[in-house]
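Listed below are the residues making up each chain.
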Amino acid sequence: MSTEEEILARMKPGCICKGIKLHRILQAIKDGAESFEEVAEMTGIGDGSCNSKRCRQKVAQLLQKKEEP
Ligand code: FES
């Protein structure tokens, strides 16, 4: 990730309900999380007012992107 991407990830929301930024989710995936549940456990996302409807999809996309060569 470039410095610019890193800065953007620190500003962009990851889980809007919990106020957790995208870079926390990316770090959890980098640290080995392989499912939404693992990311949620490592970051605290997912139990906000939308009941993970928004962040679950985002995490799924990021996990899929990681698996692509
Ligand atoms: S955006 Fe994560 S729980 Fe709503």
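For the structure itself, consult the block above.
Let us now look at the overall build of the protein chain. A tally of helices and strands in the protein chain yields 4 helices and 2 strands. Listing the helices and strands of the protein chain from first to last along the sequence gives α-β-β-α-α-α. By the compact-globule yardstick of 11 Å for 69 residues, the protein chain fits well, its C-alpha radius of gyration being 11 Å. C-alpha extents for the protein chain along the principal axes are approximately 30 × 25 × 15 Å. Counting the 69 residues in the protein chain, one finds 22% classified as buried. Taking all contacts inside the protein chain whose residues are at least 6 apart in sequence as the whole, residues at least 24 apart take part in 39%.

Turning our eyes to something else, we now look at helix α2 (residues 22–30). Inspection of α2 places Ile 25, Leu 26 and Ala 28 among the buried residues, and these make up the whole buried set. All buried residues of α2 project into a common sector of 160° when viewed along the axis, lining one side. Lining the buried residues of α2 we find α1 (3–11), β1 (13–15), α3 (36–43) and α4 (53–67). Positive backbone phi, approximately 115°, marks Gly 32, located one or two places after α2.

Definitions and cut-offs
- Residues numbered from 1 in each chain as written.
- Predicted model: local features only at pLDDT ≥ 70, side-chain atom pairs only at ≥ 80, totals over all residues.
- Helix = DSSP H or I, 4+ residues; strand = E, 2+ residues; numbered from the N terminus.
- Rg over C-alpha atoms; globule rule 2.2 N^0.38 Å.
- Buried ≥ 20, exposed ≤ 12 C-beta atoms within 10 Å, placed from the backbone.
- Contact = placed C-beta atoms within 7 Å.
- Arc of directions from axis to C-beta.

These values are about where atoms sit, not about what they do.
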